[in-house]
Amino acid sequence: MSGLASCEQASLGPMVDPFGRTIRYLRVSVTDRCDLRCFYCMSEDMTFLPKADLLTLEELDRLCSAFIAKGVRKLRLTGGEPLVRRNVMSLVRSLSRHLNTGALDELTLTTNASQLARFASELADCGVRRINVSLDTLDADKFRAITRWGDIEKVLAGIEAARAAGLAVKINAVALKNLNEDEIPALMQWAHGKGMALTLIEVMPMGDVGEGRIDQYVPLSLLRARLAQQFTLTDLDETSGGPARYVRVAETGGKLGFITPMTHNFCESCNRVRITCTGTLHTCLGHEDASDLRKPLRASPENALLSAAIDRAIGLKPKGHDFIIDRRHNRPSVSRHMSVTGG
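Here is what the cut-offs are and how they apply
Residues numbered from 1 in each chain as written. Predicted model: local features only at pLDDT ≥ 70, side-chain atom pairs only at ≥ 80, totals over all residues. Heavy atoms only, no water. Axes fitted to C-alpha atoms, helices over the stretch in contact; angles between N-to-C directions. Helix = DSSP H or I, 4+ residues; strand = E, 2+ residues; numbered from the N terminus. Parallel < 35°, antiparallel > 145°, perpendicular 65-115°, else oblique. Left-handed = near helix turned anticlockwise from the far one by under 90°. Contact = heavy atoms within 4.5 Å. Nonpolar A, V, L, I, M, F, W, Y, C, P; charged D, E, K, R; others polar. Core = buried A, V, L, I, M, F, W, Y, C linked by side-chain atoms within 4.5 Å. Buried < 20%, exposed > 50% of the residue type's maximum accessible area, 1.4 Å probe, protein only. Lys, Arg positive; Asp, Glu negative; His and termini not counted. Salt bridge = Lys/Arg side-chain N within 4 Å of Asp/Glu carboxyl O. Polar contact = N/O pair within 3.5 Å; in protein donor to acceptor, adjacent residues only side chain to side chain. pLDDT = per-residue confidence, 0-100. Pairing = 2+ DSSP bridges. Right-handed = clockwise from strand over helix to strand, strands pointing away.

## Here we look at the packing of helix α4 (residues 116-125) against helix α6 (residues 152-164)
Orientation of α4 relative to α6, taken along the N-to-C sense of each, is 15 degrees, at an axis distance of 8 Å. Judged on the interaxial angle alone, α6 and α4 are roughly parallel. Every pair of crossing elements has a handedness; the one defined by α4 and α6 is right-handed. Contacts between α4 and α6 involve Leu116, Ala117 and Ala120 from the first element and Ala157, Gly158, Ile159, Ala161 and Ala162 from the second. Here the contact of α4 with α6 is built from residues that sort into 7 nonpolar, 1 polar and no charged.

## Regarding the packing of helix α1 (residues 57-69) against helix α2 (residues 88-95)
Between α1 and α2, whose axes approach to 10 Å, the crossing angle comes to 30 degrees. On the basis of the axis angle, α1 is roughly parallel to α2. Two packed elements cross with a definite hand, and for α1 against α2 that hand is right-handed. Residue-level inspection shows Leu57, Leu60, Asp61, Cys64 and Ser65 of α1 in contact with α2, the latter providing Val88, Ser90, Leu91, Ser94 and Leu95. For the contact of α1 with α2, the per-class residue count stands at 6 nonpolar, 3 polar and 1 charged.

## Overview of the nonpolar core
A general feature of soluble globular proteins is that nonpolar side chains tend to end up buried together. Phe67 and Ile171 are the most contacted members of the largest nonpolar core, which totals 93 residues. The residues contacting Ile171, other than those within four sequence positions of it, are Val133, Leu135, Ile159, Trp190, Ala191, Met196, Ala197, Leu198 and Thr199.

## Some details on the environment of Leu200
With respect to the helices and strands, Leu200 occurs in strand β8 (residues 197-202). Each C-alpha atom of the pair Leu200 and Val174 lies 5.8 Å from the other, and the pair is 26 residues apart in sequence. When near neighbours in sequence (up to four residues on either side) are disregarded, Leu200 contacts Ala173, Ile184, Leu220, Leu227, Leu256, Gly257, Phe258 and Ile259.

## With respect to the side chain of Asp32
Mapped onto the fold, Asp32 is located in the loop between β3 (25-29) and α1. Of the side chains with opposite charge, Arg33 comes closest to the buried, unpaired Asp32, at an N-O distance of 4.5 Å. A polar atom in the side chain of Asp32 sits 2.9 Å from the backbone nitrogen of Leu49.

## Focus on the confidence of the model for the protein
Summarising the model, the protein shows a mean pLDDT of 87, and 82% of its residues fall at 70 or more. Confidence drops under a pLDDT of 50 for residues 2-11, and excluding neighbours within four residues, the segment shows 18 contacts in the predicted structure. Note on residues 325-330: pLDDT is under 50 here. Beyond four places in sequence and across chains, it has 13 contacts.

## A look at the environment of Asp141
By secondary structure assignment, the location of Asp141 is in helix α5 (residues 140-147). Asp141 sits in the exposed class, given a relative accessible area of 66%. Separated by 11 residues in sequence, Asp141 and Ile152 place their C-alpha atoms 8.9 Å apart.

## A few points about the pairing of strand β6 (residues 130-134)
The pairing of strand β5 (residues 106-111) with β6 spans 3 bridges and is classified as parallel. Paired with Leu109 across the two strands is Ile131, which belongs to β6. This β-α-β element, β5 to α4 to β6, shows right-handed connectivity. With 5 bridges connecting them, β6 and strand β7 (residues 168-175) associate as parallel partners. Among the inter-strand pairings, Asn132 is bridged to a residue of β7, identified as Lys170.

## Some details on the sheet that holds strand β9 (residues 233-235)
Taken in spatial order, the 12 strands of this open sheet run β9-β10-β11-β8-β7-β6-β5-β4-β3-β12-β13-β14, and their pairing is mixed. Unpaired on one side and paired on the other, β9 and β14 (291-292) mark the two borders of the sheet. Where strand β13 (residues 280-282) and β14 come together, 2 bridges link them in antiparallel fashion. Bridge assignment links Thr280 to a residue of β14, and that residue is Asp292. Strands in contact with helix α7 (residues 184-193) are β7, β8, β10 (245-249) and β11 (255-259); relative to β8, the strand with the most contacts, it is inclined by about 145 degrees.

## Some details on unusual backbone geometry
Trans peptide bonds make up the majority, and among non-glycine residues the majority have a negative phi. Backbone torsion omega between Gly79 and Gly80 reads 15 degrees, so that peptide bond is classified as cis. Residue position: Gly80 is located in the loop between β4 (74-78) and α2. In this structure, Asn87 is a non-glycine residue whose phi angle is positive, near 65 degrees. Turning to its location among the elements, Asn87 is positioned in the loop between β4 and α2. A relative accessible area of 53% places Asn87 in the exposed class. The backbone of Ala113 shows a phi angle near 75 degrees, a positive value even though the residue is not glycine. Taking relative accessible area as the criterion, Ala113 reaches 0% and is therefore assigned buried.

The structure is reproduced here in C-alpha cells:
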C-alpha cells in the first residue's frame, strides 16, 4: 500500500447531510462474493461481478482514507464475506494506520466466521477490537438449510478463535419465520453465556432471492413480546453507532439488540453510508440511490474530484427508507442484493 500518503489530505471537516446528520460511519464491501449462500441474502446460483470490475485493494484504501479525511470515525469492512477476498489482510493492515494516528476510532468487520480461525489473531494485531458474526442458528441441519452448504463447526471454531485472540464478538441473527424464531431464547442464552451480545435483525426486501419475503418475515415486535414473557428486558440508552436498539436481559446479564427496518424506521439518527466493491456509494440501504466514486477516483491521483463527488452524494442522502413487506409488495424494495451493498 505504499505511495498512498500523497493521496491523503488533512481533515476537511464533517460531512453533514441535508437533514443535519453528520456522517461518521462508513461501511465498505470489499467483495460481493461469499462462501455461503444464505437464502435470504442470495439466490443459489448467484452471478458475481467480474473481478475486473472490483476496486483494487489500493483503491479501496485510498477511498476509505478520503472518507476518514472528511470525518469518518468508524470503518466497517463487509462483503459478501470480506475474508474471502484475496490478500484482504493487507488492506486491513494498511487501514490500521488511521487507528495509530487517531484519525479513526474503530476499524471492524462483519463476517460469517467461516474463515475467522485463519485470520482472528492477525485482525487483533491490526487493531481490530470487535467484530460482528452473522449466525442465525446453532442447529447444524438448520444452518446447512439456511446457508445451503455451510458447516457450522467451522463457524463455531472461528468464533472461538476470535475470542481467544481477544476480539469482542457480537452475534447478528436474522429472524426467520417458522425456521429459527423459536430458537431465539436458546441462541441468546448461548451468546450471553460466552460474554457475547446478540442482535436480532428483521429480514429486508433486497434483491431477488427466488422466494417471497412474506414467507421469511417475522416482526421483531412479536419476538420481543415473546421474550418478555420469559425474560426481564430493560431498555438501554446506548448505541454501538448503528441502528440497533438494546435491552439488558436480567436473567443472563447480557445485551440484546433489535434492528427493525420493517417495523420501525430508524433513519432519524442515520450517520452512515455504504460503498460497494465497485466504488458505488449508497447513502441509504433502502433506496436505489447510487453515486459512482470509481470514475473520479481513477481520473486523478489527487483527491479533489473524489472529494467533490463525495460531497455531492452526501448532499442527496434521503431522509429515510420505506421498506415494505406484505402480500401486495412481496417483491424486493431495491433490486441489488445485500451481498453487493454490504451487510
